[in-house]
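As a plain string of letters, each chain reads:
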Amino acid sequence: EMNHSDWFWALVRRLDGLVMTGGSDPDPDLYGEDPHPQLGAVERARDEWELSLIRAALAERIPMLCVCRGAQMLNVALGGTLIQHLDEAPTHALWHVPRIERCHTVRVSAGSRAAELYGAEIATNSLHHQAVGRPGTGVVVTGTAEDGVVEAFEVEGRPEVFAVQWHPEMLSDQVDPAFVWLVKESTARAASR
């Protein structure tokens, strides 16, 4: 675990909001598993930096949107596991589909942040071969693909945190409600300081 020096906390405390982005596969050693043969390249230094950042954001209650790998890292930070490899299906690992294409539907739980932002279901893009396995402490799954793969989740008692498995930043047909939500939350945090 990274040593949380003064500069780290000084940096974190300046943040009004945080986006944890997509990227490479997290190291399965972080959640006590051996690597799957289909595991991609891992970047352990990045993993440790991001886990430190996520834990610090949680400690400081900083509004945080976690996307794809970011969602997976949040789940790992909360003690959960990942499914290391999903074979291609209509809901994931569709590498041949353009990144901007909404190619499958996510069903959303009533009364959730996801429902507030998107309604009962949302058409999303799919660019992942990993997903949440065992949910971490406090993780509440609020969006699933047709085959049950976790696509959105929230954290109990943490209204400032929202995680999605798809890539809203690549869907240019509209400003994604998750980003609108994050800007609103971050602006409110900035104003209250």
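The structure presented is a predicted model; accordingly, all values stated were derived computationally and were not measured.

**Student:** Tell me what's going on with the layout of surface pockets, and back it up with residues and numbers.
**Tutor:** Here the largest pocket is characterised by a volume of approximately 180 Å³. As for the largest pocket, its lining consists of 15 residues, of which Gly23, Cys68, Trp95, Leu127 and His128 are closest to the centre. Looking at the lining of the largest pocket, its residues break down into four nonpolar, eight polar and three charged.

**Student:** Explain the pattern of salt bridges to me, using residue names and the numbers behind them.
**Tutor:** Within the structure shown, the criterion is met by 12 salt bridges. Put simply, Glu48 and Arg44 hold a salt bridge, and the shortest N to O gap is 2.8 Å. Here the residue Glu48 and the residue Arg44 both occupy positions in helix α2 (residues 44-60), the gap between them amounting to four residues, near one helical turn. Through salt bridges with shared partners, a single ionic network connects Glu43, Arg46, Asp47, Glu50 and Arg69.

**Student:** Which residues make up helix α3 (residues 69-77), and what are the values?
**Tutor:** Most of α3 is tucked away, with nine of its nine residues classed as buried. Among the residues of α3, Arg69, Gly70, Ala71, Gln72, Met73, Leu74, Asn75, Val76 and Ala77 are the ones counted as buried. Gly79 lies just past α3 and shows a positive phi near 90°.

**Student:** Could you give an account of the pairing of strand β2 (residues 64-67), with specific residues and numbers?
**Tutor:** Of the two faces of β2, the one lined by Met64 and Cys66 and the one lined by Leu65 and Val67 are each fully buried. Bridging between strand β1 (residues 18-20) and β2 involves three bridges; their strand directions are parallel. Bridge pairing in β2 places Met20 opposite Cys66. Each parallel crossover has a hand, and for β1 linked through α2 to β2 it is right-handed. Sheet analysis places β2 next to strand β9 (residues 158-164), joined by four bridges and oriented parallel.

**Student:** Quick rundown of the packing of aromatic side chains? Include the residues and the values.
**Tutor:** Using the criterion set out here, one finds six aromatic pairs in the structure. Ring geometry for Phe162 versus Trp181: centroids 6.1 Å apart, planes at 70°, classification edge-to-face. Here the residue Phe162 occupies a position in strand β9, and Trp181 occupies one in helix α5 (residues 177-191), the gap between them amounting to 19 residues. On the basis of relative accessible area, Trp181 is assigned to the buried category, the value being 5%. Joined through ring pairs, the aromatic side chains of Trp7, Phe8, Trp9 and Trp49 make up one cluster.

**Student:** Go over the sheet that holds β1 with me, naming the residues and quoting the values.
**Tutor:** An order of β1-β2-β9-β8-β7-β4-β5 is seen for the seven strands of this open sheet, with the pairing classed as mixed. Either end of the sheet is taken by a strand with one partner, and the two such strands are β1 and β5 (121-124). Across the sheet, the mean angle from the axis of one strand to that of its neighbour is 20°, orientation sign disregarded. As judged from the five bridges shared by strand β7 (residues 139-145) and strand β8 (residues 150-155), these two strands associate in the antiparallel manner. Opposite Gly143, over in β8, you have Ala152 as the bridge partner. Contacts between α2 and the sheet are confined to β1, β2 and β9, with β1 contributing the most and set at about 145° to the helix. Along the sheet, α3 makes contact with β1, β2, β7, β8 and β9, crossing β2 at roughly 110°.

**Student:** How would you summarise the packing of α2 against α3 if you had to cite specific residues and measurements?
**Tutor:** The angle between the axes and the distance between the axes are what describe a pair of packed helices. Between α2 and α3, whose axes approach to 10 Å, the crossing angle comes to 70°. Our classification of the angle between α2 and α3 gives roughly perpendicular. The segment α2 lies against α3, with Arg46, Asp47, Glu50, Leu51, Ile54, Arg55 and Leu58 engaging Arg69, Gly70, Met73, Leu74, Val76 and Ala77.

**Student:** Quick one: what's the story with α2, residue by residue and with numbers?
**Tutor:** Residue pairs spaced three or four apart in an α-helix point in one direction, given the helix's 3.6 residues per turn. Between its first and last C-alpha atoms α2 spans 24 Å; for 17 residues at 1.5 Å apiece the expected length is 24 Å, and the two agree. On its buried side, α2 packs onto α1 (6-12), β1, β2, α3 and β9. Backbone geometry just after α2 places Arg61 at a positive phi near 55°.

About the thresholds
- Once a new chain begins, its residue numbering starts again from 1 and follows that chain's sequence as written.
- With the structure being a predicted model, the display of local features is reserved for residues of pLDDT at least 70 and the display and counting of side-chain atom pairs for 80 or more, all residues being used for whole-chain, interface and lining totals.
- Note that water and hydrogens are dropped before the side-chain values are worked out from all heavy atoms of the structure.
- Cavities and pockets were defined on a 1 Å grid built from protein atoms only: a cavity is a group of points that admits a 1.4 Å probe but offers it no way out, a pocket is an open group of points flanked by protein on both sides within 12 Å along at least five of seven lines, and a lining residue is one with an atom within 4 Å of any such point.
- Grid points are joined across faces, edges and corners, and a volume is the space filled by probe spheres set on the points.
- Polar here means any residue outside two lists: the nonpolar Ala, Val, Leu, Ile, Met, Phe, Trp, Tyr, Cys and Pro, and the charged Asp, Glu, Lys and Arg; Gly therefore counts as polar.
- Think of a salt bridge as a Lys or Arg side-chain nitrogen and an Asp or Glu carboxyl oxygen that are within 4 Å of each other.
- Each helix is a run of DSSP H or I of at least 4 residues and each strand a run of E of at least 2, with the numbering of both proceeding from the N terminus.
- For each residue, the accessible area found with a 1.4 Å probe, counting protein chains only, is set against the maximum for its type, and the residue is called buried under 20%, exposed over 50%, and partly exposed in between.
- Pairs of strands are assigned from DSSP output, requiring at least two bridges between the strands.
- A crossover gets the label right-handed when its path from the first strand over the helix to the second runs clockwise, viewed with the strands pointing away from the viewer.
- Any two rings among Phe, Tyr and Trp, with Trp reduced to its six-membered ring, count as a pair given centres within 6.5 Å; such a pair is stacked if its planes are under 30 degrees apart, edge-to-face if over 60, and tilted if neither.
- Lines are fitted to the C-alpha atoms to define the axes, a helix being fitted only along its stretch in contact, and any angle between axes, read from their N-to-C directions, falls within 0 to 180 degrees.
- Here, residues are in contact when the closest pair of their heavy atoms is within 4.5 Å.
- Orientation is classified from the angle alone, with under 35 degrees giving roughly parallel, over 145 giving roughly antiparallel, 65 to 115 giving roughly perpendicular, and any other angle giving oblique.
- A helix is expected to span 1.5 Å multiplied by its residue count minus one.

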